[in-house]
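So you can see what is in the structure, the chains are spelled out below.
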Amino acid sequence: MTGDVLRLPAGRPRRVPLAKWAVRAGVTVIYLFMLSPLIFVVWLSFFKDAIITFPPSGYTVSWYLNAWRNAAFANGFLLSLQLAACAAIGGVILGVAASLALARYRFPGRRTLGNVLLLPLVVPGIVAGIATYLFYLRAENTLDVDIVGTFGGLVVAHVCLTIPWTMRLVGASLAQIDGTIEEAARNLGAGPWRTLWRVTLPMLRPAIVASVLFSFIVSFENLELTLPLVGPGKTTLPIAIMQYLEFNLDPTIAAVSAAQIVLLGIVMLITDRFVKLSQVI
């Protein structure tokens, strides 16, 4: 009847969805547990005491200024930025080409080639770094050129590190693409390259952008592979942090780490603005 108000019977308690709230509480606890190291590092970067104590005697931003004035951090940041950009671009180009070849063509050794390209994901970083160093030494003796300690040698090593990330993301997207769309483009007169540029790559755009993002982060933060390959006077930011920790234990390192967290977070937010990472992650 119009105007009537639906009421629960008197004395009947309203049911509270306890299971729903329990799930939300559990998810919140898990997220806090996963993010606690990041939260702790950012909090630590504002401690006033040079020797870390709890509770802190006060808070300051002087450690950020100290990190800014340190030339090793500035030079390491610039080198890491250049190295990560080159490695991301090179790794994505080669990774996309390898993914297309493995997904669209059948040839002898296809499975073996795919497993070899994915090896950097399962080989420990320090093992890969030492193996690359020994390989570079033998190549230097054979070719009579300098490779260890050069920027080019670092880029090649980091490209090998980033290719598997591109292959995983692009390969997963290729598996979801309907091949009849490419066949339709070919039947309408588009050649192989035109189909690639106008049909295939636009459909792979979210995976490619995500590959660039992950490749950049993996290269920028890498320490194990880079450590045996850097030259005298040239250090990346992770190596500069490790060298600083040999003689200092103040919160400057926490300030540098917090700046990295903010930088990479901004990169991810900007990327998600143009390509929704939830589509491929």
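Note that this is a predicted model, so its numbers are computed, not measured.

A. Representation of the domain arrangement of the chain in the model. In terms of domain boundaries, the chain breaks down into domain 1 (38–69 + 251–280) and domain 2 (82–247). Across the boundary between the two partners, domain 1 contributes 15 residues, which contact 16 residues of domain 2. With both chains or domains summed, domain 1 and domain 2 bury close to 1,400 Å², and 80% of this area falls on carbon and sulfur atoms. Across the contact surface, domain 1 and domain 2 share zero salt bridges. Where domain 1 meets domain 2, there are one residue pair in polar contact (both at pLDDT 80 or more). Top contributing element to the side of domain 1 that touches domain 2 by residue count: helix 11 (residues 252–274), with ten residues. Of the residues contributing to the side of domain 1 that touches domain 2, the split by class is ten nonpolar, five polar and no charged.

B. Focus on unusual backbone geometry. Phi is positive for Asp144, close to 60 degrees, though the residue is something other than glycine. Considering the arrangement of structural elements, one finds Asp144 in the loop between helix 5 (125–143) and helix 6 (151–176). Looking at Asp144, the relative accessible area reads 69%, which means it is exposed.

C. Region of interest: a nonpolar patch on the surface. Together, Val116, Leu119, Leu121, Val122, Val123, Ile126, Val127, Ile130, Tyr133, Leu134 and Trp165 give the surface a local cluster of nonpolar side chains, amounting to about 920 Å² of exposed area. Per-element accounting of the nonpolar patch gives the leading share, five residues, to helix 5. Tracing the chain through its elements places Val127 in helix 5.

D. Seen up close, the packing of aromatic side chains. Throughout the structure, instances matching the rule amount to nine aromatic pairs. Taken together, a centroid distance of 5.1 Å and an interplanar angle of 85 degrees make the contact between Trp43 and Phe47 edge-to-face. A relative accessible area of 0% means that Phe47 is categorised as buried. With 6.2 Å between their ring centres and 5 degrees between their planes, Trp165 and Phe214 make a pair best called stacked. On the criterion of sequence distance, the pair formed by Trp165 in helix 6 and Phe214 in helix 9 (residues 205–221) is long-range, its members being 49 residues apart. Note on Phe214: relative accessible area 22%, which makes it partly exposed. An aromatic cluster of three or more residues is present, and its members are Phe40, Trp43, Phe47 and Tyr59. The side chain of Arg24 reaches across the aromatic face of Trp21, ending 5.1 Å from its centre.

The rules behind the values
- Residues numbered from 1 in each chain as written.
- Predicted model: local features only at pLDDT ≥ 70, side-chain atom pairs only at ≥ 80, totals over all residues.
- Heavy atoms only, no water.
- Domains from an automatic or database assignment.
- Contact = heavy atoms within 4.5 Å.
- Buried area = accessible area lost by both parts, 1.4 Å probe.
- Salt bridge = Lys/Arg side-chain N within 4 Å of Asp/Glu carboxyl O.
- Polar contact = N/O pair within 3.5 Å; in protein donor to acceptor, adjacent residues only side chain to side chain.
- Helix = DSSP H or I, 4+ residues; strand = E, 2+ residues; numbered from the N terminus.
- Nonpolar A, V, L, I, M, F, W, Y, C, P; charged D, E, K, R; others polar.
- Buried < 20%, exposed > 50% of the residue type's maximum accessible area, 1.4 Å probe, protein only.
- Patch = residues over 30% accessible without salt bridge, like charges linked within 9 Å, V, L, I, M, F, W, Y side chains within 5 Å.
- Areas by Shrake-Rupley, 256 points an atom, 1.4 Å probe, with all protein chains shown as cover.
- Phe/Tyr/Trp six-rings, centres within 6.5 Å; stacked < 30°, edge-to-face > 60°.
- Lys NZ or Arg CZ within 6 Å of the ring centre and 35° of its normal.

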